[in-house]
Amino acid sequence: MKILITDGISPEGAKILTEAGHDVDQVKYTPEELLVNIGKYDCIIVRSATKVTKEVIEAGKNLKVIARGGVGLDNIDVEVAKAKNLLVLNTPGASAISVAELAIGHMFALSRFLHISKMDMLAGKWPKKEYSKGIELHGKTLGVMGFGNIGKEVARMALGLGMNVMAYDPPFTLMDFVVRITTREKLLAEADFITLHIPVDKKGGPAIGKKELEMMKKGVIIVNCARGGVVDEVALLDALESGKVGGVALDVFVNEPPTEAQQALIKHPRVSVSPHIGGSTVEGQERVGIEIAQRVVKAFNPDAFH
Ligand SMILES: NC(=O)c1ccc[n+]([C@@H]2O[C@H](COP(=O)([O-])OP(=O)(O)OC[C@H]3O[C@@H](n4cnc5c(N)ncnc54)[C@H](O)[C@@H]3O)[C@@H](O)[C@H]2O)c1
(Lines give C-alpha, C1' and ligand atoms only; values in the text may rest on other atoms or scores of the structure.)
Protein backbone atom coordinates (compact mmCIF):
# COMPACT_ATOMS: atom_id res chain seq x y z
CA MET A 1 0.00 0.00 0.00
CA LYS A 2 1.12 3.59 -0.53
CA ILE A 3 1.42 5.36 2.82
CA LEU A 4 1.96 9.06 3.46
CA ILE A 5 3.51 10.18 6.75
CA THR A 6 3.15 13.94 7.15
CA ASP A 7 4.20 14.89 10.69
CA GLY A 8 7.04 12.41 11.17
CA ILE A 9 7.21 9.06 12.91
CA SER A 10 9.94 7.35 14.95
CA PRO A 11 12.48 5.41 12.82
CA GLU A 12 11.31 2.19 14.50
CA GLY A 13 7.75 2.88 13.29
CA ALA A 14 8.84 3.67 9.73
CA LYS A 15 10.89 0.45 9.68
CA ILE A 16 7.84 -1.64 10.65
CA LEU A 17 5.90 -0.18 7.71
CA THR A 18 8.62 -0.71 5.11
CA GLU A 19 9.47 -4.20 6.40
CA ALA A 20 5.79 -5.11 5.96
CA GLY A 21 6.21 -4.22 2.27
CA HIS A 22 4.50 -0.81 2.22
CA ASP A 23 5.67 2.05 0.04
CA VAL A 24 6.23 4.91 2.49
CA ASP A 25 6.60 8.62 1.68
CA GLN A 26 7.54 10.99 4.51
CA VAL A 27 6.63 14.45 3.21
CA LYS A 28 5.51 17.58 5.06
CA TYR A 29 2.99 18.97 2.56
CA THR A 30 1.35 22.37 2.97
CA PRO A 31 -2.47 22.09 3.25
CA GLU A 32 -2.76 23.05 -0.44
CA GLU A 33 -0.13 20.50 -1.54
CA LEU A 34 -1.81 17.83 0.57
CA LEU A 35 -5.09 18.32 -1.33
CA VAL A 36 -3.24 17.87 -4.63
CA ASN A 37 -1.23 14.80 -3.53
CA ILE A 38 -3.48 12.84 -1.17
CA GLY A 39 -5.18 11.03 -4.07
CA LYS A 40 -2.05 8.85 -4.52
CA TYR A 41 -2.23 7.30 -1.06
CA ASP A 42 -4.07 4.40 0.57
CA CYS A 43 -3.22 5.60 4.05
CA ILE A 44 -2.18 8.84 5.75
CA ILE A 45 -0.40 8.87 9.11
CA VAL A 46 -0.43 12.18 11.01
CA ARG A 47 0.39 13.51 14.49
CA SER A 48 -1.12 16.87 15.51
CA ALA A 49 0.03 19.34 12.86
CA THR A 50 -1.71 17.99 9.75
CA LYS A 51 -5.46 18.58 9.61
CA VAL A 52 -7.30 15.77 7.88
CA THR A 53 -10.31 17.85 6.90
CA LYS A 54 -13.44 16.98 4.93
CA GLU A 55 -11.70 18.38 1.82
CA VAL A 56 -8.61 16.21 2.35
CA ILE A 57 -10.75 13.10 2.86
CA GLU A 58 -12.81 13.86 -0.26
CA ALA A 59 -9.65 14.43 -2.32
CA GLY A 60 -8.21 11.15 -1.00
CA LYS A 61 -9.92 8.96 -3.58
CA ASN A 62 -7.78 5.91 -2.66
CA LEU A 63 -7.73 6.46 1.10
CA LYS A 64 -8.65 3.47 3.22
CA VAL A 65 -6.98 4.27 6.54
CA ILE A 66 -6.39 7.52 8.45
CA ALA A 67 -4.02 7.02 11.36
CA ARG A 68 -3.04 9.43 14.11
CA GLY A 69 -0.06 8.90 16.36
CA GLY A 70 -1.54 10.21 19.60
CA VAL A 71 -4.61 10.05 21.81
CA GLY A 72 -7.30 12.48 20.60
CA LEU A 73 -8.63 12.70 17.06
CA ASP A 74 -9.24 16.47 17.16
CA ASN A 75 -7.39 17.10 13.87
CA ILE A 76 -9.33 14.49 11.90
CA ASP A 77 -12.88 14.89 10.60
CA VAL A 78 -13.90 11.52 12.00
CA GLU A 79 -17.57 11.87 11.00
CA VAL A 80 -16.75 12.36 7.33
CA ALA A 81 -14.16 9.57 7.46
CA LYS A 82 -16.64 7.14 9.01
CA ALA A 83 -19.36 8.13 6.52
CA LYS A 84 -16.91 7.16 3.78
CA ASN A 85 -16.17 3.85 5.56
CA LEU A 86 -12.54 4.76 6.20
CA LEU A 87 -10.78 3.18 9.14
CA VAL A 88 -9.59 5.78 11.69
CA LEU A 89 -6.82 4.63 14.04
CA ASN A 90 -4.95 6.20 16.95
CA THR A 91 -2.59 5.13 19.78
CA PRO A 92 -4.61 5.40 22.99
CA GLY A 93 -2.10 4.20 25.58
CA ALA A 94 1.29 4.98 24.06
CA SER A 95 1.88 8.36 25.67
CA ALA A 96 0.20 7.77 29.05
CA ILE A 97 3.43 7.49 31.08
CA SER A 98 4.88 10.63 29.44
CA VAL A 99 1.78 12.74 30.17
CA ALA A 100 1.50 11.36 33.70
CA GLU A 101 5.14 12.22 34.48
CA LEU A 102 4.62 15.76 33.20
CA ALA A 103 1.52 16.20 35.39
CA ILE A 104 3.49 15.02 38.44
CA GLY A 105 6.41 17.23 37.37
CA HIS A 106 4.15 20.27 37.35
CA MET A 107 2.93 19.37 40.85
CA PHE A 108 6.53 19.29 42.08
CA ALA A 109 7.25 22.57 40.28
CA LEU A 110 4.35 24.37 41.92
CA SER A 111 4.86 22.95 45.38
CA ARG A 112 8.57 23.92 45.42
CA PHE A 113 8.44 27.09 43.21
CA LEU A 114 10.70 25.47 40.58
CA HIS A 115 8.80 27.17 37.76
CA ILE A 116 9.72 30.60 39.06
CA SER A 117 12.92 30.33 41.10
CA LYS A 118 15.10 29.96 37.98
CA MET A 119 13.54 33.10 36.51
CA ASP A 120 14.27 35.01 39.71
CA MET A 121 17.84 33.72 39.88
CA LEU A 122 18.40 34.64 36.22
CA ALA A 123 17.34 38.13 37.24
CA GLY A 124 20.11 38.10 39.89
CA LYS A 125 17.85 37.46 42.92
CA TRP A 126 18.39 34.92 45.71
CA PRO A 127 14.80 34.19 46.76
CA LYS A 128 15.66 31.70 49.52
CA LYS A 129 13.25 33.19 52.04
CA GLU A 130 10.28 33.52 49.65
CA TYR A 131 10.60 29.97 48.42
CA SER A 132 11.27 28.26 51.75
CA LYS A 133 7.61 27.58 52.36
CA GLY A 134 7.15 24.83 49.81
CA ILE A 135 5.05 21.80 50.58
CA GLU A 136 5.61 18.06 50.19
CA LEU A 137 3.37 15.98 47.95
CA HIS A 138 3.66 13.14 50.47
CA GLY A 139 0.53 12.90 52.61
CA LYS A 140 -1.53 15.23 50.42
CA THR A 141 -4.78 14.22 48.76
CA LEU A 142 -4.73 14.05 44.99
CA GLY A 143 -8.03 14.08 43.11
CA VAL A 144 -7.76 12.48 39.67
CA MET A 145 -10.59 13.51 37.36
CA GLY A 146 -10.80 11.01 34.54
CA PHE A 147 -9.52 7.53 35.32
CA GLY A 148 -8.51 6.37 31.86
CA ASN A 149 -5.05 5.51 30.55
CA ILE A 150 -3.36 8.69 31.82
CA GLY A 151 -5.37 9.19 35.02
CA LYS A 152 -4.50 5.66 36.18
CA GLU A 153 -0.82 6.20 35.45
CA VAL A 154 -0.82 9.45 37.47
CA ALA A 155 -2.57 7.63 40.32
CA ARG A 156 0.07 4.86 40.37
CA MET A 157 2.89 7.43 40.49
CA ALA A 158 1.15 9.49 43.17
CA LEU A 159 0.63 6.41 45.36
CA GLY A 160 4.37 5.78 45.06
CA LEU A 161 4.96 9.30 46.36
CA GLY A 162 2.80 8.64 49.40
CA MET A 163 -0.18 10.71 48.29
CA ASN A 164 -3.76 9.73 49.15
CA VAL A 165 -5.42 9.28 45.80
CA MET A 166 -9.09 9.70 45.06
CA ALA A 167 -10.54 9.36 41.56
CA TYR A 168 -13.74 10.33 39.82
CA ASP A 169 -14.80 8.84 36.51
CA PRO A 170 -18.47 7.97 35.91
CA PRO A 171 -17.96 4.46 34.44
CA PHE A 172 -15.70 3.23 37.28
CA THR A 173 -16.88 1.79 40.56
CA LEU A 174 -14.13 -0.69 41.48
CA MET A 175 -10.40 -0.51 40.94
CA ASP A 176 -7.56 -2.97 41.03
CA PHE A 177 -5.34 -0.75 43.13
CA VAL A 178 -5.72 1.42 46.15
CA VAL A 179 -7.46 4.60 45.17
CA ARG A 180 -10.70 5.86 46.60
CA ILE A 181 -13.35 5.99 43.89
CA THR A 182 -15.45 8.96 44.83
CA THR A 183 -18.08 11.40 43.62
CA ARG A 184 -17.29 14.53 41.67
CA GLU A 185 -18.46 16.70 44.59
CA LYS A 186 -16.24 14.94 47.14
CA LEU A 187 -13.23 15.06 44.87
CA LEU A 188 -13.66 18.78 44.29
CA ALA A 189 -14.18 19.48 48.00
CA GLU A 190 -11.46 17.28 49.52
CA ALA A 191 -8.47 17.26 47.19
CA ASP A 192 -5.32 19.34 47.82
CA PHE A 193 -4.25 18.74 44.22
CA ILE A 194 -6.64 18.11 41.32
CA THR A 195 -5.32 16.69 38.07
CA LEU A 196 -7.50 16.51 34.97
CA HIS A 197 -7.33 13.63 32.51
CA ILE A 198 -10.64 13.89 30.70
CA PRO A 199 -11.65 14.74 27.14
CA VAL A 200 -13.15 18.11 26.20
CA ASP A 201 -16.92 18.11 26.36
CA LYS A 202 -17.68 20.20 23.27
CA LYS A 203 -21.37 20.52 24.11
CA GLY A 204 -21.22 20.74 27.92
CA GLY A 205 -18.37 23.31 28.13
CA PRO A 206 -15.50 23.30 30.64
CA ALA A 207 -15.61 20.57 33.32
CA ILE A 208 -14.00 23.07 35.71
CA GLY A 209 -15.62 26.51 35.75
CA LYS A 210 -16.51 29.13 38.34
CA LYS A 211 -18.98 26.84 40.14
CA GLU A 212 -16.53 23.93 40.45
CA LEU A 213 -13.71 26.27 41.56
CA GLU A 214 -15.94 27.57 44.35
CA MET A 215 -16.47 23.98 45.55
CA MET A 216 -12.71 23.41 45.99
CA LYS A 217 -10.47 23.77 49.06
CA LYS A 218 -8.77 27.13 49.46
CA GLY A 219 -5.23 26.88 48.11
CA VAL A 220 -5.95 23.89 45.86
CA ILE A 221 -3.44 23.18 43.08
CA ILE A 222 -4.97 22.35 39.69
CA VAL A 223 -3.13 20.57 36.87
CA ASN A 224 -4.46 20.46 33.31
CA CYS A 225 -2.42 18.23 31.03
CA ALA A 226 -5.57 17.09 29.17
CA ARG A 227 -6.94 19.60 26.66
CA GLY A 228 -7.47 23.36 26.58
CA GLY A 229 -11.14 24.02 27.24
CA VAL A 230 -11.44 21.43 30.02
CA VAL A 231 -10.91 24.37 32.39
CA ASP A 232 -12.42 27.85 32.05
CA GLU A 233 -9.23 29.95 31.83
CA VAL A 234 -10.96 33.23 32.78
CA ALA A 235 -12.49 31.71 35.92
CA LEU A 236 -9.13 30.15 36.72
CA LEU A 237 -7.32 33.49 36.63
CA ASP A 238 -10.01 35.04 38.86
CA ALA A 239 -9.64 32.17 41.34
CA LEU A 240 -5.84 32.56 41.37
CA GLU A 241 -6.11 36.29 41.95
CA SER A 242 -8.63 35.87 44.78
CA GLY A 243 -6.34 33.30 46.46
CA LYS A 244 -8.94 30.54 46.22
CA VAL A 245 -6.61 28.56 43.96
CA GLY A 246 -3.03 28.19 45.20
CA GLY A 247 -1.40 27.17 41.94
CA VAL A 248 -2.16 26.09 38.41
CA ALA A 249 -0.22 23.98 35.93
CA LEU A 250 -1.13 24.07 32.26
CA ASP A 251 0.30 22.04 29.40
CA VAL A 252 -2.71 22.77 27.20
CA PHE A 253 -4.54 25.98 26.36
CA VAL A 254 -7.80 27.11 24.78
CA ASN A 255 -5.73 28.64 21.93
CA GLU A 256 -2.41 27.07 21.01
CA PRO A 257 -0.15 28.95 20.81
CA PRO A 258 -1.86 31.20 23.37
CA THR A 259 -3.07 34.67 22.40
CA GLU A 260 -2.36 38.01 24.07
CA ALA A 261 -5.57 37.61 26.11
CA GLN A 262 -4.16 34.47 27.75
CA GLN A 263 -0.85 36.06 28.82
CA ALA A 264 -2.09 37.24 32.22
CA LEU A 265 -2.76 33.63 33.19
CA ILE A 266 0.50 32.33 31.74
CA LYS A 267 2.59 35.05 33.40
CA HIS A 268 0.93 34.65 36.81
CA PRO A 269 3.63 33.76 39.40
CA ARG A 270 1.63 30.81 40.67
CA VAL A 271 1.21 29.26 37.23
CA SER A 272 3.55 26.61 35.82
CA VAL A 273 3.30 26.14 32.07
CA SER A 274 4.61 23.94 29.27
CA PRO A 275 3.86 24.16 25.54
CA HIS A 276 1.64 21.06 25.03
CA ILE A 277 4.45 18.55 25.41
CA GLY A 278 2.63 15.99 27.58
CA GLY A 279 3.13 13.06 25.21
CA SER A 280 6.33 14.36 23.69
CA THR A 281 9.18 12.38 25.19
CA VAL A 282 11.76 10.28 23.36
CA GLU A 283 10.25 7.10 24.80
CA GLY A 284 6.65 8.24 24.24
CA GLN A 285 7.32 9.15 20.58
CA GLU A 286 9.03 5.81 20.04
CA ARG A 287 6.03 3.94 21.47
CA VAL A 288 3.59 6.06 19.44
CA GLY A 289 5.55 5.36 16.23
CA ILE A 290 5.70 1.62 16.86
CA GLU A 291 2.06 1.34 17.92
CA ILE A 292 0.64 3.34 15.01
CA ALA A 293 2.82 1.47 12.48
CA GLN A 294 1.72 -1.89 13.88
CA ARG A 295 -1.93 -0.84 13.80
CA VAL A 296 -1.63 0.31 10.17
CA VAL A 297 0.13 -2.91 9.13
CA LYS A 298 -2.59 -4.92 10.88
CA ALA A 299 -5.34 -2.89 9.21
CA PHE A 300 -4.07 -4.02 5.79
CA ASN A 301 -3.09 -7.51 6.96
CA PRO A 302 -5.10 -8.75 9.98
CA ASP A 303 -2.74 -11.76 10.36
CA ALA A 304 0.34 -9.57 10.99
CA PHE A 305 2.11 -9.88 14.39
CA HIS A 306 0.52 -13.25 15.26
N1 LIG B 1 -0.90 17.00 27.10
C2 LIG B 1 -0.75 16.12 26.14
O3 LIG B 1 0.17 16.20 25.35
C4 LIG B 1 -1.73 14.99 26.03
C5 LIG B 1 -1.28 13.78 25.47
C6 LIG B 1 -2.16 12.72 25.40
C7 LIG B 1 -3.49 12.88 25.84
N8 LIG B 1 -3.91 14.07 26.32
C9 LIG B 1 -5.30 14.27 26.77
O10 LIG B 1 -5.46 13.69 28.06
C11 LIG B 1 -6.84 13.37 28.28
C12 LIG B 1 -6.97 11.96 28.83
O13 LIG B 1 -6.42 11.02 27.92
P14 LIG B 1 -6.51 9.44 28.21
O15 LIG B 1 -5.63 8.79 27.22
O16 LIG B 1 -6.31 9.12 29.64
O17 LIG B 1 -8.02 9.17 27.80
P18 LIG B 1 -8.95 7.94 28.22
O19 LIG B 1 -10.04 7.89 27.20
O20 LIG B 1 -8.13 6.72 28.45
O21 LIG B 1 -9.56 8.41 29.63
C22 LIG B 1 -10.42 9.48 29.78
C23 LIG B 1 -11.37 9.14 30.92
O24 LIG B 1 -12.11 10.30 31.28
C25 LIG B 1 -13.42 9.88 31.69
N26 LIG B 1 -14.27 11.06 31.68
C27 LIG B 1 -14.83 11.69 30.62
N28 LIG B 1 -15.48 12.80 31.03
C29 LIG B 1 -15.33 12.87 32.39
C30 LIG B 1 -15.75 13.81 33.38
N31 LIG B 1 -16.46 14.88 33.08
N32 LIG B 1 -15.39 13.57 34.66
C33 LIG B 1 -14.65 12.49 35.00
N34 LIG B 1 -14.23 11.58 34.10
C35 LIG B 1 -14.56 11.77 32.81
C36 LIG B 1 -13.77 8.77 30.71
O37 LIG B 1 -14.79 7.91 31.23
C38 LIG B 1 -12.41 8.05 30.56
O39 LIG B 1 -12.28 6.95 31.44
C40 LIG B 1 -7.52 13.59 26.92
O41 LIG B 1 -8.14 14.87 26.92
C42 LIG B 1 -6.38 13.59 25.94
O43 LIG B 1 -6.69 14.31 24.76
C44 LIG B 1 -3.05 15.13 26.45
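Computed from a predicted structure; not experimentally measured.

Procedures and definitions
- Residues numbered from 1 in each chain as written.
- Predicted model: local features only at pLDDT ≥ 70, side-chain atom pairs only at ≥ 80, totals over all residues.
- Heavy atoms only, no water.
- Helix = DSSP H or I, 4+ residues; strand = E, 2+ residues; numbered from the N terminus.
- Rg over C-alpha atoms; globule rule 2.2 N^0.38 Å.
- Buried < 20%, exposed > 50% of the residue type's maximum accessible area, 1.4 Å probe, protein only.
- Contact = heavy atoms within 4.5 Å.
- Areas by Shrake-Rupley, 256 points an atom, 1.4 Å probe, with all protein chains shown as cover.
- Near = heavy atom within 4 Å.
- Polar contact = N/O pair within 3.5 Å; in protein donor to acceptor, adjacent residues only side chain to side chain.
- Nonpolar A, V, L, I, M, F, W, Y, C, P; charged D, E, K, R; others polar.
- Pairing = 2+ DSSP bridges.
- Right-handed = clockwise from strand over helix to strand, strands pointing away.
- Phe/Tyr/Trp six-rings, centres within 6.5 Å; stacked < 30°, edge-to-face > 60°.
- Axes fitted to C-alpha atoms, helices over the stretch in contact; angles between N-to-C directions.
- Parallel < 35°, antiparallel > 145°, perpendicular 65-115°, else oblique.
- Left-handed = near helix turned anticlockwise from the far one by under 90°.
- Salt bridge = Lys/Arg side-chain N within 4 Å of Asp/Glu carboxyl O.

Enquirer: Hey, could you run me through the overall build of the protein chain in this one?
Expert: Looking only at helices and strands, the protein chain has twelve helices and twelve strands in total. Against the globule reference of 19 Å for 306 residues, the protein chain gives a C-alpha radius of gyration of 21 Å, in line with a compact fold. Structurally, the protein chain occupies a C-alpha span of about 60 × 45 × 35 Å along its principal axes. Split into buried and exposed, the 306 residues of the protein chain put 46% on the buried side. Across the protein chain, the fraction of contacts at a sequence separation of at least 24, relative to all contacts at a separation of at least 6, is 59%. Carbon together with sulfur atoms contributes 57% to the accessible area of the protein chain, which is approximately 15400 Å² in total.

Enquirer: What should I look at first to understand helix H6 (residues 114–122) in this one?
Expert: Residues spaced three or four apart along an α-helix face the same direction, because each turn holds 3.6 residues. Within H6, the full set of buried residues consists of His115, Ile116, Ser117 and Asp120. Structurally, H6 contributes buried residues whose contacts are with helix H5 (96–112) and strand S12 (271–273). Gly124, located one to two residues past H6, shows a positive phi value of around 85 degrees.

Enquirer: It is not clear to me how the site of the ligand should be interpreted in this structure. Could you clarify?
Expert: The environment of the ligand is made up of 24 residues, and the closest members are Asn149, Ile150, Asp169, Ile198 and Asp251. Separating an oxygen atom of the ligand from a side-chain N or O atom of His276 is a distance of 3.3 Å. At a separation of 3.2 Å, an oxygen atom of the ligand approaches a polar backbone atom of Gly278. Partitioning the shell around the ligand into residue classes produces 13 nonpolar, eight polar and three charged.

Enquirer: Looking at this structure, how should I read the sheet that holds S12?
Expert: Sheets are built from strands that pair by backbone hydrogen bonding, the pairs being arranged parallel or antiparallel. Pairing in this open sheet of seven strands is parallel, and the strands run S8-S7-S6-S9-S10-S11-S12 from one edge to the other. Edge positions in the open sheet fall to strand S8 (180–181) and S12, since each of these has one partner strand only. Both strand S11 (residues 245–250) and S12 contribute to a ladder of three bridges, which runs parallel. Residue Ala249 lies in a different strand from S12, and its bridge partner there is Ser272.

Enquirer: Just checking my understanding: could you explain the pairing of strand S3 (residues 43–46) for this structure?
Expert: Put simply, side chains in a regular strand alternate between the two faces of the sheet. Of the two faces of S3, the one holding Cys43 and Ile45 and the one holding Ile44 and Val46 are both buried throughout. Pairing between strand S1 (residues 2–5) and S3: three bridges, direction parallel. Bridging across to S3, Ile3 finds its partner in Cys43. Examined bridge by bridge, S3 and strand S4 (residues 65–68) share four bridges and lie parallel to one another. For Val46, the partnering residue across the bridge sits in S4 and is Arg68. Handedness of the β-α-β unit built from S3, helix H3 (residues 54–59) and S4 comes out right-handed.

Enquirer: Any chance you could explain the packing of aromatic side chains here in plain terms?
Expert: Each aromatic ring pair is summarised here by two numbers: the centre-to-centre distance and the angle between the ring planes. Under the definition given, this model contains one aromatic pair. Relative to Tyr131, the ring of Phe113 lies with its centre 4.9 Å away and its plane at 20 degrees, an arrangement referred to as stacked. Taken as a pair, Phe113 in the loop between H5 and H6 and Tyr131 in the loop between H6 and strand S6 (141–145) lie far apart in primary sequence, 18 residues in all.

Enquirer: Sorry, what's going on with the packing of H5 against helix H7 (residues 149–160) here?
Expert: Each packed pair of helices is defined by two parameters, the angle between the axes and the distance between the axes. At their nearest, the axes of H5 and H7 sit 8 Å apart, and the two run at 50 degrees to each other. Classified by the angle their axes make, H5 and H7 are oblique. H5 and H7 meet at a crossing whose hand is right-handed. Side by side, H5 and H7 meet where Ala96, Ile97, Val99, Ala100, Glu101, Ala103, Ile104 and Met107 of the first sit next to Asn149, Ile150, Glu153, Val154, Met157 and Ala158 of the second. Among the residues forming the contact of H5 with H7, the class breakdown is eleven nonpolar, one polar and two charged.

Enquirer: Before we go on, may I ask you to explain the pattern of salt bridges in this structure?
Expert: Summed over the entire model, instances satisfying the criterion amount to 14 salt bridges. Between Glu214 and Lys210 there is a salt bridge, and its shortest N-O distance comes to 3.3 Å. Highlighted residues: Glu214 and Lys210, both in helix H9 (residues 210–215), separated by four residues, approximately one helical turn. Using a relative accessible area of 58% as the deciding quantity, one classes Lys210 as exposed.

Purely geometric numbers; function is a separate question.
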